[in-house]
Amino acid sequence: MAELLGTHSYQLDPKGRVSLPAKFRAAFVDGCWITVGQDRCLYVFPRAEWQRRSDEVASSPLSDTDGRAYSRMFFGSSEEAKLDGQGRVTIPQRLREVVGIEKETVVLGVRDRMEIWDRETYERYTAGFADAYQTGALDPRR
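Residues numbered from 1 in each chain as written. Predicted model: local features only at pLDDT ≥ 70, side-chain atom pairs only at ≥ 80, totals over all residues. Heavy atoms only, no water.

> Any chance you could explain helix H2 (residues 47–58) here in plain terms?
Given 3.6 residues per turn, any residue in an α-helix points the same way as the ones three and four places further on. With 12 residues, H2 extends 16 Å between its outermost C-alpha atoms, agreeing within 8% with the 16 Å of an ideal straight helix rising 1.5 Å per residue. Taken as a whole, H2 has its buried residues at Glu49, Trp50, Arg53, Ser54 and Val57. Around the axis of H2, the buried residues are gathered within 135 degrees of arc, so they sit on the same side. Exposed residues pointing more than 90 degrees away from the buried face of H2 are listed as Ala48 and Ala58. Packed against the buried residues of H2 are strand S3 (32–36), strand S4 (42–46) and helix H3 (65–76). (Helix = DSSP H or I, 4+ residues; strand = E, 2+ residues; numbered from the N terminus. Expected span 1.5 Å × (residues − 1). Buried < 20%, exposed > 50% of the residue type's maximum accessible area, 1.4 Å probe, protein only. Arc of directions from axis to C-beta. Contact = heavy atoms within 4.5 Å.)

Rendered as structure tokens:
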């Protein structure tokens, strides 16, 4: 599978659809799974990555309180979706409401998944981490 990389800006159409970058579309020809991610964005997974992540989330024992809560959030907010003929995906209204997506969006490639953000939320998020990233203080190994 091709890596999903880059930042792209789009507007939702009146039916709640967002275009995907042309270079992302091949990764989603078999459909995609949308779920609420962390930091007020949506995660969009291609089929193979969805299966891998689903197995990872489901691996927690039923007796694990945090594992049950995570599974409920992850799977309970998940929707399967298909791209239409113009390379757009419909984002369900309930998911748009959870993360605050209204009209202006950012579609972000994060290697093995795509994220969809409300533009203002994304700009605030990146502003909060930009200096730390630039100076090297943001350490992904922590």
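Continuing now.
> What should I look at first to understand H3 in this one?
In this model H3 runs 16 Å from its N-terminal to its C-terminal C-alpha over 12 residues, within 8% of the 16 Å that 1.5 Å per residue would give. Elements in contact with the buried residues of H3: S3, S4 and H2.

> Would you take a moment to explain the environment of Gly67 for this structure?
When you line up the elements, Gly67 lands in helix H3. Residue class for Gly67 comes out buried when judged on its relative accessible area of 8%. Distance in space between the C-alpha atoms of Gly67 and Val57 is 7.5 Å, their sequence separation being 10 residues.

> I'm lost on the pattern of salt bridges in this one. Help?
Pairing of side chains with opposite charge becomes possible as their charged atoms draw close. As enumerated under the stated definition, the model contains 17 salt bridges in all. Between Asp13 and Arg17 there is a salt bridge, with its nearest N and O atoms 2.6 Å apart. Both residues of the pair, Asp13 and Arg17, belong to the buried class. For Arg52, the salt bridge goes to Asp112, with nearest N and O atoms at 3.7 Å. With Arg52 in helix H2 and Asp112 in the loop between strand S7 (104–111) and strand S8 (114–118), the pair connects residues that are 60 residues apart, well separated along the chain. Of the residues examined, Arg52 reaches a relative accessible area of 42% and is grouped as partly exposed. Using a relative accessible area of 12% as the deciding quantity, one classes Asp112 as buried. Taken together, the shared-partner salt bridges in this structure form one network comprising Glu49, Arg52, Arg53, Glu56, Asp112, Arg113 and Glu115. (Salt bridge = Lys/Arg side-chain N within 4 Å of Asp/Glu carboxyl O.)

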